Structures are given as structure tokens and as C-alpha cells.
Amino acid sequence: MPLSYFNETHAMVRETARRFVAQEITPYVDGWEEAGRFPRALYPKAGEAGLLGIGYPEGLGGTGGDIFQKIVWIEELMRAGSGGLAASLGSLDIGLPPVVRFGSEALKQRIVPEVLAGRKISALAITEPGGGSDVANLRTRAERKMVEGREAYVLNGAKTFITSGARADYYTVAARTGAAGYGGVSLILVPREAPGFSSGTPLRKMGWWASDTAELFFDDCMVPVENLLGAENDGFRVITSNFQSERLTLAVMANMTGELAFNAAQDYARERKTFGAPLSAHQTIRHKLADMATRVEASREFTYRCAARMEAGETIFKEISMAKNVATDMCDKVTYDAVQILGGMGYMRESLVERLYRDARILSIGGGTREIMNEIIAKQLGL
Ligand SMILES: Cc1cc2nc3c(=O)[nH]c(=O)nc-3n(C[C@H](O)[C@H](O)[C@H](O)COP(=O)(O)OP(=O)(O)OC[C@H]3O[C@@H](n4cnc5c(N)ncnc54)[C@H](O)[C@@H]3O)c2cc1C
């Protein structure tokens, strides 16, 4: 049995991704974090490097590749130390898969290559001001009507907390097309230029500063019926399967956040002297570092194991929910301890761990909260 999840192809992807991040992101990322945005020009650069296309079919402008190539890209992107940048640059990976899997051929050909080239931005819009966890009870409505001799969906409602919300070009929107409950939800692609659509300005947040997170408004917003993704009223199933890869991504992001925090704390503990010895010589600190390293390693291995099972075609709702909780718990604890080890310096904006600590907090909320993961696990356990 192979002991590594990564082969030579993955190593090449890692090399490309690492070089891209070192040249195009790391030198500028602190400024982008402070500014609360990063240049749109980064998308086509990542597209040209073939990084946005990882995991997508070549016929649609993708570069192919398996789940572990995607993991490599996310890990290297996270190395820049900005979860917000990774979330926004990567928002295509939550918005686009339903288009690829369930969109009509014409819709796919029109939209997917543009997004993978970085010329257009894709976002996923599920959460509403009235609630995000209870997806089955969402309220945004899409009514099928004849408008000027053409069949269209007319959407009314609002979404909130949408990553890339302020500047995306295409929104994969969950809306109610049928009866109450999960059986009445559909996914519909809404282009920014659709009449009746508008987005708010970026919301101010605790972390993920470089990411734009915004509200969306649908006021008799009209889109052609051809923009339906999958069958009408079957959107909940599509959303549920889409969540699997989103949760894997969030687990990978949490693992990298923990690893970066551990590395920073370890470096500091070797350098900083108190009471005549480096911090790393004090037993409480060295044991804390040992615990941190253990948690990062264990969580990463479990995430990789889940990824391998997904790559093999297994549906693992329970385990991927567990992996997200394990990784985000680890990340909360490790970033907290890293700030503690750096002392006052850990609280300063100039320290990477200060940002990692803030960025960590969203990971157990976005893509399904810790509590919702536990609900899924409990149900799968037959409870
Ligand atoms: C920075 C950021 C980016 C985001 N990006 C996106 C995006 O791109 N697209 C998108 O659609 N959404 C996005 N979200 C929204 C995110 O997915 C939701 O915030 C999340 O799903 C929780 O929904 P909520 O905030 O409405 O909390 P609520 O659903 O109101 O829940 C509030 C609290 O109650 C708990 N809770 C709820 N129900 C139960 C229960 N049955 N048992 C126990 N506890 C429960 C929850 O776990 C949570 O702790 C983003 C959020 C943030 C902050």
C-alpha cells in the first residue's frame, strides 16, 4: 500500500503553485489584508498559470487532476498566510461545480472557461439574513413565469455573507421554486447583469480581511429558465453534495492555518529568551509545542484519508464532517496557543499569528457550522 498520497505530478503542481504564490501573492499580501481587498488582476494570473483549472475537465478549460492536486494548490495558497485571499480566489470552487455537473452544455461552455481563465468570478449564494444553517427553509423565491414571450425565473429575496459577493460575475443561487422544506429548493445561475440583481458593499469582518463578503439583493430579478442547475426542486441534493468538497477545502485551510501558526510559534520559541534560556527550553512551552505539532499532524492525516476516500468515489458525509470539526478545533487551539507563546508580540498586527488567530474563527462557522457537522454525524450514527 502506498504510504504517500502525493506522487511526482503532485510535486510538480506544488512547485508551480509555490512559485506563483511566492512571486504574485506573498510580497503584497499584508497590504491587501490591510486594504481589505486584492487586485482583480490576480484571477487571470492564476488562471494563466493553470491553477484555477485544477480538477476541472480539459474540455471546459480546466487542467484536470485529482483531489490531491487541488489540496496541493490550497495548501500552497494558504502559505501566503491570508485565509481571506484563499477564500475569495477560491470561491469558484464552491460556485462552479454545480454548473459543471448540472448546467446545460451551452451554459457550461459559456461560463466555465471564462471563470477558469480568471476573466470572470464565480460565487455560491445560499445563506440568507434569516439563517444559514437551516438551508431547507430558505426564503428567496424563484417563480417560473412567461416574460416577454420567454420562460424565465423571477427571483425575490436576499442573501448575505457571500464570499466574492461584491464583485463576482456569476452567482450560483439557492432559491425556493416549490413547496416548503428541502424538496422545494433549486439552484439557479444568476449573472451580475441580470435585471433586478444588486450586491452590497463588502461587510467589515473579524478576519478574512482580504476577502470580499457581501449581501445580494433580488428584486424581481429575471434569469432565463436555461440557468436552472439540475432538476427543479432538486437543489438540496446538489447543495449537499457540493458541501462535501467545500468542507474538505475548509479542513485543508484549517490544517494549513494550524501548521503556519505552529511554525511561527516554534521559530519564536527557539529565539526568545526568558530567565536565561530560550522559551523552547521551558517544559510548559516545549510540551505545548509538542501538543501543537501532534494535533496538526493527526488532523492533516485524517483529512488526507477522507480525501483519498472521496477520490475513490466514496460518499463520506459522516467522516468529512468529522474531519472539518477535527481540523477547525485543532486550528482554534493551535492558533490560540501560538499567540500565547509569542506573548505581547502575538497580539501585534505585525505578527502572522495575530492574523491566523482571527482567520481561524470562521472555519468552524462557514460551509456548515460545528454544530451542524455534529448533527450530520449524529444522524449518520443513527441517533
Ligand atoms: C466570512 C464568511 C464567508 C461566508 N461565505 C459564504 C458563501 O460564500 N456562501 C454562503 O452561502 N454562505 C457563506 N457564509 C455563511 C455561512 O455559511 C453561515 O454563516 C453559516 O452556515 C451559519 O449560518 P448563520 O450565520 O445564519 O447562523 P445560524 O444558522 O443562524 O446559526 C447560529 C448558531 O446556532 C447554531 N445552530 C443552528 N441550528 C442549530 C441546531 N439545530 N442545533 C444546534 N445549534 C444550531 C449554529 O451552529 C450557530 O452556532 C459565510 C460566512 C462568513 C462569516
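All of these numbers come straight from a predicted model, not from anything done at the bench. (Residues numbered from 1 in each chain as written. Predicted model: local features only at pLDDT ≥ 70, side-chain atom pairs only at ≥ 80, totals over all residues.)

## With respect to the overall build of the protein
The test is simple: Secondary structure elements follow DSSP: runs of H or I of four or more residues count as helices, runs of E of two or more count as strands, with numbering from the N terminus. The atom set for the radius of gyration is the C-alpha atoms, and the globule formula is 2.2 Å times the number of residues raised to the power 0.38. Remark: C-beta atoms are placed from the backbone, and a residue is labelled buried if 20 or more other C-beta atoms sit within 10 Å of its own, exposed if 12 or fewer do, or partly exposed between those counts. This entry defines residue contacts through backbone-placed C-beta atoms, with two residues in contact when those atoms are within 7 Å.
Helix and strand content of the protein: 13 helices and 10 strands. Taking 2.2 N^0.38 as the reference for a compact globule, 383 residues should give roughly 21 Å; the C-alpha atoms of the protein span a radius of gyration of 21 Å, in line with that estimate. Dimensions of the protein along its principal axes, counting C-alpha atoms only, are 80 × 50 × 45 Å. Buried positions account for 49% of the 383 residues belonging to the protein. A sequence separation of at least 24 residues applies to 74% of the contacts in the protein between residues at least 6 apart.

## Digging into the packing of helix α9 (residues 235-271) against helix α12 (residues 352-360)
Between two packed helices, what matters for the description is the angle formed by their axes and the separation of those axes. How we decide: Orientation is described by axes fitted as lines to C-alpha atoms, over the contacting stretch for helices, and by angles from 0 to 180 degrees between their N-to-C directions. Between 65 and 115 degrees an angle is taken as roughly perpendicular, under 35 as roughly parallel, over 145 as roughly antiparallel, and anywhere else as oblique. Here a crossing is called left-handed whenever its near helix is offset anticlockwise from the far helix by less than a right angle, and right-handed whenever the offset is clockwise. Classes in brief: Ala, Val, Leu, Ile, Met, Phe, Trp, Tyr, Cys and Pro nonpolar; Asp, Glu, Lys and Arg charged; the others, Gly included, polar.
At a closest axis distance of 10 Å, the pairing of α9 and α12 adopts a crossing angle of 155°. In terms of their interaxial angle, α9 and α12 are classed as roughly antiparallel. The hand of the α9/α12 crossing is left-handed. Contact residues: T257, L260, A261, A264 and A265 in α9; L352, V353, L356, D359 and A360 in α12. Among the residues making up the contact of α9 with α12, the classes are represented as 8 nonpolar, 1 polar and 1 charged.

## A word on the domain arrangement of the protein
We apply this condition: These domain boundaries are the output of an automatic or database domain assignment.
If you check the domain split of the protein, you get domain 1 (8-116), domain 2 (122-233) and domain 3 (237-380). Placing the centre of domain 1 and that of domain 2 at their C-alpha centroids yields a distance of 23 Å. On the side of domain 2, 22 residues touch domain 1, which itself brings 25 residues to the contact. Of all elements in the fold, only α2 (29-35), α5 (83-89), α6 (92-95), α7 (97-102) and α8 (105-116) reach the threshold of two or more residues within the side of domain 1 that touches domain 2.

## Things to note about the site of the ligand
Heads up, the rule is: Put plainly, near means the residue's C-beta atom, positioned from the backbone, lies within 6 Å of the molecule or strand in question.
As a structural note, the neighbourhood of the ligand is formed by 23 residues, with G132, S133, T163, T369 and E371 the closest of them. Residue classes in the shell around the ligand are distributed as 10 nonpolar, 10 polar and 3 charged. Residues lining the shell around the ligand come from more than one domain, with at least three contributed by each of domain 2 (122-233) and domain 3 (237-380).

## Some remarks on helix α11 (residues 317-342)
Rules: A helix is expected to span 1.5 Å for every residue after the first.
The end-to-end C-alpha separation of α11 is 38 Å, in line with the 38 Å expected for 26 residues at 1.5 Å each. In the stretch just after α11, G343 is the one whose phi turns positive, near 60°.

## Some details on the environment of K324
If you trace the backbone, K324 turns up in helix α11. Residue K324 is classed as buried on the basis of its 30 C-beta neighbours within 10 Å. Those residues in contact with K324 that sit more than four places away from it in its chain are R247, L250, A251 and M373.

## Let's talk about the pairing of strand β7 (residues 213-224)
Put simply, the rule is: Two strands qualify as a pair provided that DSSP identifies no fewer than 2 bridges between them.
In this sheet, β7 lies alongside strand β3 (residues 150-163) in antiparallel orientation, the contact comprising 9 bridges. The residue of β7 that forms the bridge with I162 is A214. As paired strands, strand β6 (residues 197-199) and β7 are joined by 3 bridges and run antiparallel to one another. Bridge pairing in β7 links F197 to F218.

## Observations regarding the packing of α9 against helix α10 (residues 283-311)
Contact geometry for α9 and α10: axes closest at 10 Å, N-to-C directions at 155°. Overall, the two elements α9 and α10 adopt an arrangement that is roughly antiparallel. Relative to α10, the crossing made by α9 is left-handed. Counted together, Q244, L248, A251, V252, N255, G258, E259, F262, A265, Q266 and A269 of α9 and I285, L289, M292, A293, R295, V296, S299, R300, T303, C306, A307 and M310 of α10 form the full contact between these two elements.

## Some words on α9
A rise of 1.5 Å per residue sets the reference length of α9, with its 37 residues, at 54 Å; its end C-alpha atoms lie 54 Å apart and thus fit the reference within 8%. α9 sits mainly inside the fold: 26 of its 37 residues count as buried.

## Describing unusual backbone geometry
Across the chain, the bulk of peptide bonds are trans and the bulk of non-glycine residues have phi less than zero. A positive phi angle is found at E148, which is not glycine, with a value near 50°. With respect to the secondary-structure elements, E148 resides in the loop between β2 (141-147) and β3. Located in the positive-phi region is F161, a residue other than glycine, with phi close to 60°. You can see F161 is positioned in strand β3. Here F161 falls in the buried class, since 20 other C-beta atoms lie within 10 Å of it.

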